[in-house]
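# Remarks on the overall topology
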Amino acid sequence: MAKTAAGDTGGGRNWTFLTNHGHVLLAIARDPTARLRDVAAEVGVTERAAQAIVADLEAGGYLHRTRVGRRNEYTLNPSGRFRHPAEADRQVGDLLALFADPPTAEVGPQA
């Protein structure tokens with residue numbers, strides 16, 4: 001079977017290895033000052049879904065939101081642990097290292 005650009009082999013089910021939460025986290029890691037509208041478009045979810053995911057990530061301690069004027073800036077916590085027991089011994093910084101430009105002790109806007 002031929003693969004499509006998204007990697008689907010045409011079997012009818014479209015799935016990815018990362019959840020929308022993972023995709024939102026990575027989008028914010030790439031651009032900590034991104035508008036949620038832009039994050040939602042990049043991930044392929046509604047803006048409301050992106051807002052709910054950011055709220056989940058913030059409540060879980062994976063990111064911190066700071067209001068700067070009319071925009072939000074996000075600081076990520078790369079030492080946060082994965083939630084699933086199979087990966088609970090790993091930090092989300094490992095994921096960021098794979099897919100985002102170099103994670104530091106804290107990934108966020110430059111001062």
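The structure under discussion appears in the preceding block.
Owing to the predicted nature of the structure, the values given are computational and were not obtained by experimental measurement.

### Here's the deal with the overall build of the protein
Counting secondary structure elements, the protein contains 4 helices and 2 strands. Reading the protein from its N terminus to its C terminus gives the helix and strand order α-α-α-β-β-α. A total of 111 residues make up the protein; the buried ones form 30% of that total. Across the protein, the fraction of contacts at a sequence separation of at least 24, relative to all contacts at a separation of at least 6, is 44%.

### Regarding helix H3 (residues 47-59)
Between its first and last C-alpha atoms H3 spans 18 Å; for 13 residues at 1.5 Å apiece the expected length is 18 Å, and the two agree. By the burial criterion, the buried members of H3 are Ala-50, Ile-53, Val-54 and Leu-57. All buried residues of H3 lie within an arc of 100° about the axis, which places them on one face of the element. Along H3, exposed side chains directed more than 90 degrees from the buried face belong to Arg-48 and Ala-59. Looking at the packing, one finds that the buried side of H3 touches helix H1 (20-30), helix H2 (36-43), strand E1 (63-68) and strand E2 (71-76). Remark: Gly-61 follows H3 within two positions and exhibits a positive phi of approximately 85°.

### So, the pairing of E1
In the sheet, E1 pairs with E2 via 6 bridges, with the strands oriented antiparallel. Pairing of Thr-66 across the sheet is with Glu-73, part of E2. Between E1 and E2, which pair antiparallel and follow one another directly, the connecting turn spans 2 residues, one of which, Gly-69, has a positive phi of 65°.

### Quick word on helix H4 (residues 92-99)
One turn of the α-helix equals 3.6 residues, which is why residues spaced by three or four share an orientation. When H4 is considered as a whole, its buried residues turn out to be Val-92, Gly-93, Leu-95 and Leu-96. The buried residues of H4 occupy an angular sector of 155° when projected down its axis, which confines them to one face. In this structure, the buried side of H4 is in contact with H1 and E2.

### Focus: the nonpolar core
Most often, soluble globular proteins have nonpolar side chains that are buried together. Ranked by internal contacts, the top residues of the largest apolar core, which has 24 residues, are Val-24, Leu-25, Ile-28, Val-39 and Leu-63. If you list the elements that add at least two residues to this core, you get H1, H2, H3, E2 and H4. Among the elements that line this core, the one with the most residues is H1, at 6 residues. Not counting residues up to four positions away in its chain, the partners in contact with Leu-63 are Leu-25, Ile-28, Val-54, Leu-57, Glu-58, Tyr-74, Thr-75 and Leu-76.

### Re the side chain of Asn-72
Relative to the assigned elements, Asn-72 resides in strand E2. Given the relative accessible area of 17%, Asn-72 is considered buried. A polar atom in the side chain of Asn-72 sits 3.4 Å from the side chain of Arg-67. If we ignore the near neighbours within four places in the chain, the residues touching Asn-72 are Pro-32, Thr-33, Arg-65, Thr-66 and Arg-67.

Analysis parameters
Residues numbered from 1 in each chain as written. Predicted model: local features only at pLDDT ≥ 70, side-chain atom pairs only at ≥ 80, totals over all residues. Heavy atoms only, no water. Helix = DSSP H or I, 4+ residues; strand = E, 2+ residues; numbered from the N terminus. Buried < 20%, exposed > 50% of the residue type's maximum accessible area, 1.4 Å probe, protein only. Contact = heavy atoms within 4.5 Å. Expected span 1.5 Å × (residues − 1). Arc of directions from axis to C-beta. Pairing = 2+ DSSP bridges. Core = buried A, V, L, I, M, F, W, Y, C linked by side-chain atoms within 4.5 Å. Polar contact = N/O pair within 3.5 Å; in protein donor to acceptor, adjacent residues only side chain to side chain.

Note that every value here comes from positions in space, so none of it alone points to a role or purpose.
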